[in-house]
Amino acid sequence: YRDLHTFELQAPTRVVEWARGSRVCVAGYGQSDGNEILQLIPPPTLLTKETQGLCPERDFKVECGGFSKRPVYSLKYVPDTSLLVTSGPPDSSLHVWQVSAEDSDVIKFVSTIATENGTGQSWAKIATISASAPWVLHGSRLDRVQITEVESRKNVYTAASGGSEELSGLAFLDCNTLLLCCAMGRLCLADIRQPHSVMEAVSVPSASCSEQWCMGTRHGAQGLEPSSQPVARLSSRGFLTLTDLRKTSESLASAKARVPSPDSGAEFLCVSWAPALEGCLAISGFDGTVHVYDTQSWDSSGREAEPIFVHKGHAFGGAGGSEDPPLVTVHTWHLQKPKTLLSAASDGSLHVWDWIQPCGKC
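Here the structure is a predicted model, which is why all the values come from computation and not from measurement.

Caption draft 1: Structural detail: the environment of P275. Along the chain, P275 turns up in the loop between strand 22 (270-273) and strand 23 (280-284). Distance in space between the C-alpha atoms of P275 and H334 is 7.9 Å, their sequence separation being 59 residues. Residues in contact with P275, not counting those within four places in the same chain, are W333, H334 and L335.

Shown next as structure tokens:
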């Protein structure tokens, strides 16, 4: 490692979200009435653009926080505001939170965004964007996707029914284009300017009925068309496929990740593109590790890929004895530092790490 920082949370978290001023938001997902939502100030070394030497302050600090009466399974910062949106069981409604000003250390509950026929639906996947107004894209199933204006709670868009498959993720490609990923691996594109049409992008070849999938989208350089950025999909058996949305008839590349237990549970599957490293992505959710891959040499053969780095800190940092080893619940990349990632695990550990790779394209 070039650098490694650890922080012990009071409860396990499955959300790590960058907020304003390079802050980090985390939240608990327990079943009690006291699930914390915290905004953390990262160690000073993460707040500078250049890597520095020894720093006396190496810990995260809690800047402000609040409590949710329900588990937080997803949390998104609303761009250009001081608002957070969260979702979690027992239904598909959303909660909106206000991050308080500098003179207060409270994250305050503001409102609920209810969904039509939300009762009995699984928790909603969410994405946010600042368009003409702050929007949140949310839904638990393909026929329950909508866009809501966060502050007024006005419905902006409701997707046409394209089936009732459960969703594993969704994203804004731009202000008008949405990308939806079904748990079975199917991708769908939607254009909010055409509210009565949902276009299937591409299916997953030879997907078994027991496989679950998640997706990761890549934000390109300024001026680059969002559709030109490949979409990565990861299955619960460790298969990875890259798709160019401009040519969906064939896979751009595919590979098999070196995961320890194929067909493991899909609850914490996570794949994400490095924002500042060309062709690099990270995966987690199979055990206590995070794997980083360079996809630039991948082809369509689907052969096993060799990771360029494996973060094992959570696996070795967990409690011993008869307790189950920690499972990485989520990871995310630093927005400016190319090789810096944050990861959280089921034992409440939060790590931020930067690896040294003397060889290779990354």
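Caption draft 2: Seen up close, the nonpolar core. Of all hydrophobic cores here, the largest spans 19 residues; its most connected members are L137, I147, F172 and L178. Looking at this core, the elements with two or more residues in it are strand 10 (125-130), strand 11 (134-139), strand 14 (167-172), strand 15 (177-182) and strand 16 (187-191). Grouped together as the second largest cluster of nonpolar side chains are 18 residues, A232, V271, F286 and A305 included.

Caption draft 3: Focus on the sheet that holds strand 28 (residues 349-354). Taken in spatial order, the four strands make up an open sheet running 1-28-27-26, and their pairing is antiparallel. Each edge of the open sheet is held by one strand with a lone partner, namely strand 1 (3-8) and strand 26 (328-333). Each neighbouring strand pair of the sheet contributes to a mean axis angle of 15 degrees, computed without reference to strand direction.

Caption draft 4: Expanded view of the sheet that holds strand 6 (residues 74-77). Ordered by their spatial adjacency, four strands build an open sheet running 6-7-8-9, and the pairing between neighbours is antiparallel. Here the strands that pair on one side only, and so sit at the sheet edges, are strand 6 and strand 9 (107-113). In this sheet, neighbouring strand axes are inclined to one another by 25 degrees on average, regardless of whether the strands run parallel or antiparallel. Across six bridges, strand 8 (residues 94-99) lies against strand 9 in antiparallel orientation.

Caption draft 5: Representation of unusual backbone geometry within the structure. Cis geometry marks the peptide bond from P89 to P90, where omega comes out at 20 degrees. When you line up the elements, P90 lands in the loop between strand 7 (83-87) and strand 8. One non-glycine residue with positive phi stands out, namely D80, at about 65 degrees. In this structure, D80 sits in the loop between strand 6 and strand 7. For R153, which is not glycine, the phi torsion reads 60 degrees and is therefore positive. Among the structural elements, R153 can be located in the loop between strand 12 (146-149) and strand 13 (155-158).

Caption draft 6: Structural view of the pairing of strand 13. With three bridges joining them, strand 12 and strand 13 adopt antiparallel strand pairing. Note that in strand 13 the partner of I147 across the bridge is Y157. Counted between consecutive antiparallel strands, the loop separating strand 12 from strand 13 contains five residues, among which R153 sits at a positive phi close to 60 degrees.

Caption draft 7: Examining the side chain of K125 more closely. Note that K125 resides in strand 10. Despite its burial, K125 remains without a salt bridge, the nearest opposite charge being carried by E166 at 4.1 Å. Ignoring anything within four residues of it in the chain, the contact list for K125 reads L137, H138, G139, E166, L167, S168, G169 and L170.

Caption draft 8: Structural view of the pattern of salt bridges. If you walk through the whole model with that rule in mind, you get twelve salt bridges. The residue D354 makes a salt bridge to R2 at a minimum N-O spacing of 4.0 Å. Placement of D354 in strand 28 and of R2 in the segment before strand 1 is noted, with a sequence separation of 352 residues between them. Given the relative accessible area of 11%, D354 is considered buried. Residue class for R2 comes out partly exposed when judged on its relative accessible area of 44%. Residue R23 is joined to E63 by a salt bridge in which the shortest nitrogen-to-oxygen separation is 3.1 Å. In this pair, R23 sits in the loop between strand 2 (13-18) and strand 3 (24-28) while E63 sits in strand 5 (residues 61-68), placing the two residues 40 residues apart along the sequence. Exposure remark for E63: the relative accessible area of 30% places this residue in the partly exposed category.

Caption draft 9: Summary view of the environment of R23. Linking R23 and I41, residues 18 residues apart in sequence, is a C-alpha distance of 5.3 Å. With residues near it in sequence (within four places) discarded, R23 still touches E17, W18, Q39, L40, I41, P42 and E63. A distance of 3.1 Å separates a polar atom in the side chain of R23 from a polar atom in the side chain of E63.

Caption draft 10: The packing of aromatic side chains, seen in detail. Scanning the model with the defined rule gives eleven aromatic pairs in all. A ring pair is formed by Y293 and W298, whose centres lie 6.1 Å apart and whose planes are at 65 degrees; its orientation type is edge-to-face. The pair formed by Y293 and W298 is uniform in burial state, with each residue classed as buried. Summarising the aromatic geometry, the rings of F309 and W355 are spaced 5.6 Å apart at their centres and angled 20 degrees between planes, so their arrangement reads as stacked. With F309 in strand 25 (residues 309-311) and W355 in the segment after strand 28, this residue pair connects regions lying 46 residues apart in the sequence. For the residue pair F309 and W355, the accessibility class agrees, reading buried in each case. Grouped by ring-pair contacts, the aromatic residues Y1, F309, W333, W353 and W355 constitute a single cluster. When the ring centre of Y73 is taken as reference, the NZ or CZ atom of R14 above it lies at 4.0 Å.

Cut-offs used in this document
- Residues numbered from 1 in each chain as written.
- Predicted model: local features only at pLDDT ≥ 70, side-chain atom pairs only at ≥ 80, totals over all residues.
- Heavy atoms only, no water.
- Helix = DSSP H or I, 4+ residues; strand = E, 2+ residues; numbered from the N terminus.
- Contact = heavy atoms within 4.5 Å.
- Core = buried A, V, L, I, M, F, W, Y, C linked by side-chain atoms within 4.5 Å.
- Buried < 20%, exposed > 50% of the residue type's maximum accessible area, 1.4 Å probe, protein only.
- Pairing = 2+ DSSP bridges.
- Axes fitted to C-alpha atoms, helices over the stretch in contact; angles between N-to-C directions.
- Lys, Arg positive; Asp, Glu negative; His and termini not counted.
- Salt bridge = Lys/Arg side-chain N within 4 Å of Asp/Glu carboxyl O.
- Polar contact = N/O pair within 3.5 Å; in protein donor to acceptor, adjacent residues only side chain to side chain.
- Phe/Tyr/Trp six-rings, centres within 6.5 Å; stacked < 30°, edge-to-face > 60°.
- Lys NZ or Arg CZ within 6 Å of the ring centre and 35° of its normal.

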